[in-house]
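Inside the fold
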Amino acid sequence: MNCKLLYPGGKAKALTFSYDDGVIQDERLVRLFNEHGVKATLNLNSGLDSDSWWEREGARIRRLSPEEMRPLYKGHEIAVHTCTHPHLEELDRRRLYAELYRDREALTERFGCAVSGMALPFGSTSPAVQEAIAALGFLYCRNTVSHHTFALPEDFLAWGATCHHKDPALMELAARFRETDEELALFYVWGHSFEFDMQKNWQVMEDFLAETAGRPDTWYATNGEVASYITAARRLVIGEDFLINPTGADLWVRAGGETLRVPAGQWVDLAD
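Figured I'd write up the structure that's included with this text. (Residues numbered from 1 in each chain as written. Predicted model: local features only at pLDDT ≥ 70, side-chain atom pairs only at ≥ 80, totals over all residues. Heavy atoms only, no water.)

1. Some points on the pattern of salt bridges
By the definition in use, this model includes nine salt bridges. Across the pair arginine 142 and aspartate 20 runs a salt bridge whose closest N-O atoms are separated by 2.9 Å. Placement of the pair is arginine 142 in strand E8 (residues 140–146) and aspartate 20 in strand E2 (residues 13–20), with a sequence separation of 122 residues. The same class applies to arginine 142 and to aspartate 20, which are both buried. Among the salt bridges present, the one from glutamate 99 reaches arginine 95, with a minimum N-O distance of 3.0 Å. In this pair, glutamate 99 and arginine 95 are both assigned in helix H3 (residues 93–111), four residues apart and thus about one turn of the helix distant. A relative accessible area of 4% means that glutamate 99 is categorised as buried. The exposure class of arginine 95 is partly exposed, given its relative accessible area of 37%. A network of salt bridges, in which partner residues are shared, links Lys13, Arg215 and Asp217. (Salt bridge = Lys/Arg side-chain N within 4 Å of Asp/Glu carboxyl O. Helix = DSSP H or I, 4+ residues; strand = E, 2+ residues; numbered from the N terminus. Buried < 20%, exposed > 50% of the residue type's maximum accessible area, 1.4 Å probe, protein only.)

2. A closer look at the packing of aromatic side chains
Tallied over the full model, the rule gives 16 aromatic pairs. Ring geometry for tyrosine 140 against tryptophan 159: centres 5.5 Å apart, planes inclined by 90 degrees, an arrangement best described as edge-to-face. Here tryptophan 159 lies in strand E9 (residues 159–161) and tyrosine 140 lies in strand E8, a separation of 19 residues in the sequence. Tyrosine 140 gets classed as buried once you look at its relative accessible area, which sits at 0%. When the ring of tryptophan 159 is compared with that of tyrosine 188, the centres are 4.9 Å apart and the planes differ by 85 degrees; the resulting orientation is edge-to-face. Residue tryptophan 159 is found in strand E9, and its partner tyrosine 188 is found in strand E11 (residues 185–191); the two are separated by 29 residues along the sequence. An aromatic cluster of at least three residues, connected via ring pairs, comprises Phe17, Tyr19, Phe33, Phe150, Phe177, Phe187, Phe196, Trp202 and Phe208. We note lysine 13 situated over the ring of phenylalanine 177; from NZ or CZ to the ring centre the distance is 5.5 Å. (Phe/Tyr/Trp six-rings, centres within 6.5 Å; stacked < 30°, edge-to-face > 60°. Lys NZ or Arg CZ within 6 Å of the ring centre and 35° of its normal.)

Shown next, in the form of structure tokens:
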């Protein structure tokens, strides 16, 4: 029997966002996300000072304090971006592991939640960096590669996005996403919220959300929710007339023209 994997609720598409550095402009960005009912992953540096302001291309920027972050990021995901935002490939092994491990530990304590993912500072990596990420048990790691597709990654530890929010193709991709019939289509947007002030283009995000938010066929999820669900879905056992879900998450499929929920840890007979 033909069986097609779906996202939670039987949805065919998903949209996720990833924003780095935990800066004051996140206040406006997260407010936009909340107004449109979408979710984001915020990649944070636990070891950097939140007291000082700096200016970049006309934008005044300050890192948020933990006290500012906790209420702001409620309902979204917290992820590792290293303690001090170094080029990881330049570090010795001890410092490399410390940047990843200690950031995760600090963020877990500050926000009282499990922290399972990360984004690479500067998008830079190496075999040693990838080895450390895997050894520390991260569920996913986002880089800065834009592939301009709605494809899921083969390897969540080398996860490229559909595009950056300043990509000239953003709205063209949004129109394609609206009409696509790809299986498990994922639109993944990343960036830094201070870039909207630098480029004076907040309208870009407002227009994008107007095009993509509030659609009944789309799951609005964090990076971690997507990675966790797809990792589980890839373990689904599909037989000629049965399904076995060996994972701890409910999964969704379309089989025999019907949308079915396959409960966690259950066998489902399709012949019934």
